[in-house]
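# Breakdown of the fold
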Amino acid sequence: MCRARRSPADPGSVAEEERRVKANAREYNEKFQYASNCIQTSKYNIITFLPVNLFEQFQEVANTYFLFLLILQLIPQISSLSWFTTIVPLVLVLTITAVKDATDDYFRHKSDNQVNNRQSQVLINGTLQQEQWMNVRVGDIIKLENNHFVAADLLLLSSSEPHGLCYIETAELDGETNMKVRQAIPVTSELGDISKLAQFDGEVICEPPNNKLDKFSGTLYWKENKYQLSNQNMLLRGCMLRNTEWCFGLVVFAGPDTKLMQNSGRTKFKRTSIDRLMNTLVLWIFGFLVCMGVILAIGNAIWEHEVGACFQIYLPWDTAVDSAFFSGFLSFWSYIIILNTVVPISLYVSVEVIRLGHSYFINWDKKMYCAQRQTPAEARTTTLNEELGQVEYIFSDKTGTLTQNIMIFSKCSINGRSYGDVLDLLGHKAELGERTEPVDFSFNSLADPRFRFWDASLLQAVQLGNPHVHEFFRLLSLCHTVMSEERNEGELYYKAQSPDEGALVTAARNFSFVFRSRTPKTITVQELGRAVTYQLLAILDFNNVRKRMSVIVRSPEGRIRLYCKGADTILLERLHPAHHELLNVTTDHLNEYAGEGLRTLVLAYKDLEDGYYEEWADQLLRASTASEGREDRLARLYEEVERDMTLLGATAIEDKLQQGVPETIAILTLANIKIWVLTGDKQETAVNIGYSCKMLTDDMTEVFIVTGHTVLEVREELRKAREKMMDSSRSMGNGFSCQEKLISSMSASRLTSVLEAIAGEYALVINGHSLAHALEADMELEFLETACACKAVICCRVTPLQKAQVVELVKKYKKAVTLAIGDGANDVSMIKTAHIGVGISGQEGIQAVLASDYSFSQFKFLQRLLLVHGRWSYLRMCKFLCYFFYKNFAFTMVHFWFGFFCGFSAQTVYDQYFITLYNIVYTSLPVLAMGVFDQDVTEQRSMEYPKLYEPGQLNLLFNKREFFICIAQGIYTSVLMFFIPYGVFADATRDDGTQLADYQSFAVTVATSLVIVVSVQIGLDTGFWTAINHFFIWGSLAVYFAILFAMHSDGLFQMFPNQFRFVGNAQNTLAQPTVWLTIILTTVVCIMPVVAFRFLKLDLKPELSDTVRYTQLVRKKQRAQHRCMRRVGRAGSRRSGYAFSHQEGFGELIMSGKNMQLSSLALSSFAARSSSSWIETLRKKKGGDSTASSPSGGADKPLKV
């Protein structure tokens, strides 16, 4: 068992403000009651499982409701049903859920035990002893060996490497597999001997436990000196030691206090719109149930007063009943019990089973499996599947999501000259297909054979000794945090923290500036075949605020130089003003590279005087050891030294689009899904990628670019964009003739509706600094109005927080389902904020995947996830719910009608066994099969005709209107189900002339009619028949008759004479032709109106899916006829009638490829007269409704057919 740590909420405890840890002093550390290193992610144990799990399950309103019904059924005065009619389904539901929870918790226990029982070497009483991880305590010194996991958050004391260096892999923390370097502080790096470590009694005072993976602040006090500690001195739990024989560390945080466990908080629970609607409908149904109970209770009181009082001798009241009013009160509760099946408990279990099945279909989809990375698609949640069929807005990262995040050094600018373009004999740029052989690097034995570069003039400049080119590649080989590993002689392997850095260092390597190795104080580079070791004086590390990185090195000649690389927006401001002309030329090159979609960096350097550097280094040392404001002081020093630098050049790295991205975006756009790209890249790069992936096109009416630096500038640019859209719409004759005053006086919601209905296609591009103003409370609606009127939106230079804010803005004001997709840690907040989060398992680790609801490896799979799995899941869930409510109202309302003919006595029509088994045996499996396997059109047609996706966005298949239609159909069926047999039985006789009408015969007839009618109905509702559907439907009917005859058999009567008294009733009743004629008549009258209505709807007002199915049938018939014609074709003539009926122009259309992309439009126009009109009408109606209810409104979104 894990020892619990005293919570700050406990009496007498104080929230931890700082941590004090003393090495080799367990008794001292124990008084602080720090957590042990035992982790516990499980929720239950053998003793607590049953009470805790039941308590959690009864938090669900439905379970509590059925428990309340069960208690009512135990009161004999009000219960006309046996208690097992409720307890059997309730226990079944609780058991299934408990087994699922127990299984999940068993695996958590298993994982916990595996981790807690790992072995670690702990220094105890001067010797190393093997201890389980769970027994490690704060203040212990432990020894780690190569390829071992770090047991707790440790302060690195010493290692086998020089200068206390060690290498770690942080895959379990951030998903990155590249190596990172950590270093012990110099004073402890010599403590490699066991005896010295046993005498080490230093004390660490540091920050309390927190979840910041990249920050640590503390101080080591030892031998009357203090030493500042940072994240570079820490080894975090979950890391793995690499390329280091051994190291020793002091445990600072253990178990639940480690940063790994502090980051393992639960993800916010997400619910679908159908879930929310179901909760509302269940409340309505409960209200309806109460109303029925009141009506029947009043009827009982009146009947007992007017009629029942006359029969006191024959039908006496119960002992407790002393008045007709009290009889009505008891009758109310009796009918609440009888009619409770309008809200069946099996509904919730069935929904979870269906969702689980849909999740497995996603996991098993081979067409979403990436063979290259051996990564399948994964549904990481089972609660959001149907919402995948309702998405209207997609928010996508760019790098690694739309692009491959595999960086290739493509071009560069050095001292005003651009390299990387290949020129033909006339001096023009050669196209890709016209390029000659790539540059030959065979002379360089250390070159990376995978590197390709096409401009030989750059290699010539290196070989000719161009000093600017040499300095350029020297900077690339020195200014980085890459780790080098040389497994065999001449075989270098680089481990880079980002693909960009890896590409730049590899480029320098191929151009003969080879980064070979590093120590904490040196970097060794092989320059043109000669090994040169530079003294590394300082690393000014990169972060999202600085957007640059610098190193300060001393060359073998003693010259001190600062090398810097970073974003152009940051670095160009820090250059010396004397290089104005070079700056202009380089800026032109940067714009050219960004226009080609390349990622750019600017390179610069600065020579430092020895005296200046010594003074600056002294200030840096004091700032790094400061106890307060250390980061701010360091930032000011970095800012001071990175000024007046000399421009060296710029690099351009290519990040290619992923396969299938343009096609995916085009098809999702046809499905009326709006795609917004939120990226940290510069504007030009993002815009070019937008054109590459067909988000932006030359055919667009206008692309608005918002770059204002102040609130007024941004507001003015957004206003002008809206005015241009309105002006353009008026000039195109779209019917808008309102004046400027009218526009300015419009409400925000009305203006949004008008803007989204305008003619023309627009795009909006906005920068991060402009977006910061646009997201302010007084301007966010203006930004949303403008953005939602555009076909495409690209937000550049945005921070992770801004990504989440944009998603939250759309969620807040638009009644639409949002989906966020990304691949990096900077996308996590956006993924968690959206209704649905999708993680791409790419080059930037797995943090996005871990935070996501669904994951796969390529953006193009999003098309299949939404248009196939999402649409099918929504369709299946809607059909399931409609049928489920229908069959239960048809079943339950028969009791209501019977109440008027039994003196409102709460007598049931069916026997109690039928009531118990109806929902869990007779009708459960067929509706589950439909909910799991049904489909309206094939997956190929779902992808081919994106307009099929729109009913989900408009929530057409299950809403309040559809619910009331299902309820009306169920009530209609129940009326016929009761009154037709009742009318027949009033005068019917058996074959022998005796009266047919008796209670049990009537009950068998009504129950049989009900099972047959609902089975026929689900046959009509099923659109895709499988062997499982056939087996479940016909099998359920067979099981019904088998159980029916068994319950009326002599054998059961012999065993349970008090329970099964009506021997032979079923056999005798169903042997009468009158009964079968009654069942057939009831079935026909119940089903024929449904068949007639669907036939007329299909003929007069078909949906798009109906049209697609009809087209499929026509094509099949045409293919069959074509095969027959080929078989019986005339042998005497070789001429074909095809050429004479062929229309001109199709050859050009096929060659252009337009028919491949717009096949859905062709079909939509075929169905425009019918299907488009009703979708457009409903979309406009939705826009009108949301206008009245939302600050920004939902807008009219006309169907583009």
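Residues numbered from 1 in each chain as written. Predicted model: local features only at pLDDT ≥ 70, side-chain atom pairs only at ≥ 80, totals over all residues. Heavy atoms only, no water.

Here we take up the overall build of the chain. Broken down by element type, the chain carries 44 helices and 33 strands. Considering only intrachain contacts with a sequence separation of at least 6, the fraction spanning at least 24 residues in the chain is 73%. For the chain, the exposed surface amounts to about 54,900 Å²; the carbon and sulfur share of it is 57%. (Helix = DSSP H or I, 4+ residues; strand = E, 2+ residues; numbered from the N terminus. Contact = heavy atoms within 4.5 Å. Areas by Shrake-Rupley, 256 points an atom, 1.4 Å probe, with all protein chains shown as cover.)

Bringing the environment of Ile362 into the picture now. Mapped onto the elements of the fold, Ile362 is located in helix α10 (residues 346–364). For Ile362, a relative accessible area of 2% translates into the label buried. In sequence terms Ile362 and Asn385 are 23 residues apart; their C-alpha atoms lie 9.4 Å from each other. Among all residues touching Ile362, those that are not within four sequence positions of it are Ala377, Ala379, Asn385, Leu388, Tyr854, Leu865 and His869. (Buried < 20%, exposed > 50% of the residue type's maximum accessible area, 1.4 Å probe, protein only.)

The strand order across the open sheet built from 9 strands is β14-β33-β32-β31-β15-β27-β30-β29-β28, with neighbouring strands paired in mixed fashion. Edge positions in the open sheet fall to β14 (378–379) and β28 (702–706), since each of these has one partner strand only. This element, helix α24 (residues 780–788), spans β15 (391–396), β27 (674–678), β29 (762–766) and β30 (792–795) of the sheet and lies at about 125 degrees to β27. On the sheet, helix α28 (residues 861–899) packs against β15, β31 (817–822), β32 (836–840) and β33 (854–856) and is oriented at approximately 140 degrees with respect to β33. (Pairing = 2+ DSSP bridges. Axes fitted to C-alpha atoms, helices over the stretch in contact; angles between N-to-C directions.)

Let's shift gears to the packing of helix α33 (residues 960–987) against helix α34 (residues 999–1021). One can describe the packing of α33 onto α34 by two numbers: an axis separation of 10 Å at closest approach and a directional angle of 145 degrees. Like other packed secondary-structure pairs, α33 and α34 cross with a definite hand, here right-handed. Of the residues in α34, those touching α33 at Gln969, Thr973, Met977, Phe978, Pro981, Tyr982 and Phe985 are Ser1001, Phe1002, Thr1005, Val1006, Ser1009, Leu1010, Val1013 and Gln1017. Tallied by class, the residues present in the contact of α33 with α34 amount to 9 nonpolar, 6 polar and no charged. (Left-handed = near helix turned anticlockwise from the far one by under 90°. Nonpolar A, V, L, I, M, F, W, Y, C, P; charged D, E, K, R; others polar.)

Read across the open sheet, the 4 strands follow the order β1-β8-β9-β10; overall the sheet is antiparallel. For this open sheet the edge positions go to β1 (19–22) and β10 (225–229), each flanked by a neighbour on one side alone. Across this sheet, the average inter-strand angle for adjacent strands is 20 degrees, counted without regard to direction. Here 4 bridges tie strand β8 (residues 203–206) to strand β9 (residues 218–222), and the two strands are oriented antiparallel to one another. Each bridged residue has a counterpart across the sheet, and for Cys206 the counterpart in β9 is Gly218.

Turning to the pairing of strand β25 (residues 599–608), a few remarks are in order. Counting buried residues in β25 gives 9 out of 10 residues, a clear majority hidden from the surface. Sheet topology note: the strand β24 (residues 560–566)/β25 ladder contains 7 bridges and is antiparallel. Pairing of Arg561 across the sheet is with Asp607, part of β25.

For Asp827, the position within the fold is in the loop between β31 and α26 (828–833). A polar contact of 2.7 Å, which involves the side chain of Asp827, links it to the side chain of Lys803. Not counting the four nearest positions on each side in its chain, Asp827 is found in contact with Asp397, Lys803 and Gly822. (Polar contact = N/O pair within 3.5 Å; in protein donor to acceptor, adjacent residues only side chain to side chain.)

The next thing to look at is the confidence of the model for the chain. As a general rule, the predicted coordinates of low-pLDDT regions are not to be interpreted in detail. Of all residues in the chain, 85% have pLDDT values of 70 or greater, and the mean over the chain is 82. Across residues 4–13 the pLDDT falls below 50, and counting only partners more than four positions away or on other chains, this stretch makes 12 contacts in the model. (pLDDT = per-residue confidence, 0-100.)

As a further point, take helix α9 (residues 324–338). For an α-helix, the turn length of 3.6 residues means that residues three or four places apart are oriented alike. Here α9 is 15 residues long and its end C-alpha atoms lie 20 Å apart, about the 21 Å a rise of 1.5 Å per residue gives. With 11 of 15 residues buried, α9 lies mostly within the body of the structure. Of the residues making up α9, those classed as buried are Ala324, Ser327, Gly328, Leu330, Ser331, Phe332, Ser334, Tyr335, Ile336, Ile337 and Ile338. (Expected span 1.5 Å × (residues − 1).)

By size, the foremost hydrophobic cluster in this structure holds 97 residues, and its most contacted members are Phe880, Leu881, Tyr910, Phe914, Phe958 and Leu1010. The leading source of residues in this core is α28, at 18 residues. Here Phe914 is in contact with Phe891, Tyr922, Ala1007, Leu1010, Val1011 and Tyr1040, once residues within four sequence places are set aside. (Core = buried A, V, L, I, M, F, W, Y, C linked by side-chain atoms within 4.5 Å.)

This part is about the pattern of salt bridges. The tally for this structure, following the rule as stated, stands at 47 salt bridges. A salt bridge links Glu573 to Arg574; the shortest N-O distance between them is 3.8 Å. One network of salt bridges, in which partners are shared, links Glu471, Arg474, Glu527, Arg561 and Asp607. (Salt bridge = Lys/Arg side-chain N within 4 Å of Asp/Glu carboxyl O.)

The subject of this paragraph is the UniProt feature "binding site: Mg(2+)" (unreviewed entry) in the chain. According to UniProt, the "binding site: Mg(2+)" (unreviewed entry) feature falls on Asp397, Thr399, Asp823 and Asp827. The greatest C-alpha distance among the annotated residues, which extend across 431 residues, is 10.7 Å, indicating that they converge on a single site. Within the fold, Asp397 resides in the loop between β15 and β16 (403–414). In this structure the side chain of Asp397 is engaged in a polar contact, spanning 3.3 Å, whose partner is the side chain of Lys803. On the basis of relative accessible area, Asp823 is assigned to the buried category, the value being 0%. (UniProt positions renumbered as here; feature names shortened; annotations may be inferred.)

Take the packing of aromatic side chains next. Scanning the model with the defined rule gives 63 aromatic pairs in all. Here the aromatic cluster, defined as three or more aromatic residues joined through ring pairs, consists of Phe896, Trp897, Phe898, Phe900, Phe901, Phe904, Phe978, Phe979, Tyr982, Phe985 and Phe1002. When the ring centre of Tyr28 is taken as reference, the NZ or CZ atom of Lys22 above it lies at 5.7 Å. Stacked on the ring of Phe884, the Lys or Arg Lys887 has its end atom at 4.3 Å from the ring centre. (Phe/Tyr/Trp six-rings, centres within 6.5 Å; stacked < 30°, edge-to-face > 60°. Lys NZ or Arg CZ within 6 Å of the ring centre and 35° of its normal.)

So, on to the environment of Val1084. Structurally, Val1084 can be placed in helix α38 (residues 1073–1100). C-alpha separation for the pair Val1084 and Val1016, spaced 68 residues apart in sequence, amounts to 10.0 Å.

A pair of packed helices can be characterised by two numbers: the angle between their axes and the separation between those axes. One way to put it is that helix α8 (residues 273–306) packs onto α28 with a least axis distance of 12 Å and a crossing angle of 5 degrees. By the angle class used here, α8 and α28 are roughly parallel. Of α28, the residues touching α8 (which contributes Ile274, Met278, Ile285, Phe288, Met292, Ile295 and Leu296) are Tyr874, Met877, Cys878, Leu881, Phe885, Phe889, Met893, Phe896 and Gly899. Looking at the contact of α8 with α28, its residues break down into 15 nonpolar, 1 polar and no charged. (Parallel < 35°, antiparallel > 145°, perpendicular 65-115°, else oblique.)

All right, on to the side chain of Asn959 then. As for its placement among the helices and strands, Asn959 is situated in the loop between α32 (950–953) and α33. Of note is the side chain of Asn959, whose polar atom sits 3.1 Å from the backbone nitrogen of Arg961. Polar contacts involving the side chain of Asn959 include one to the main-chain amide nitrogen of Glu962, which spans 2.8 Å.

Moving on to the pairing of strand β20 (residues 513–518). In terms of burial, β20 is a largely internal element, 5 of the 6 residues being buried. Turn length for the β20-strand β21 (residues 522–527) hairpin, with the two strands adjacent in sequence and antiparallel, is 3 residues.

With that out of the way, let us pick up the environment of Glu304. On the secondary structure map, Glu304 appears in helix α8. Judged by its relative accessible area of 12%, Glu304 is buried. Separated by 19 residues in the primary sequence, Glu304 and Ser323 have C-alpha atoms spaced 8.5 Å apart. Here Glu304 is in contact with Ala309, Trp317, Ala324 and Ser327, once residues within four sequence places are set aside.

Per the counting criterion, the structure on display carries 0 disulfides. We note that Cys790 lacks a disulfide partner, and the nearest cysteine sulfur, in Cys788, lies 8.9 Å from it. When its relative accessible area of 1% is taken as the criterion, Cys790 is described as buried. (Disulfide = S-S within 2.5 Å.)

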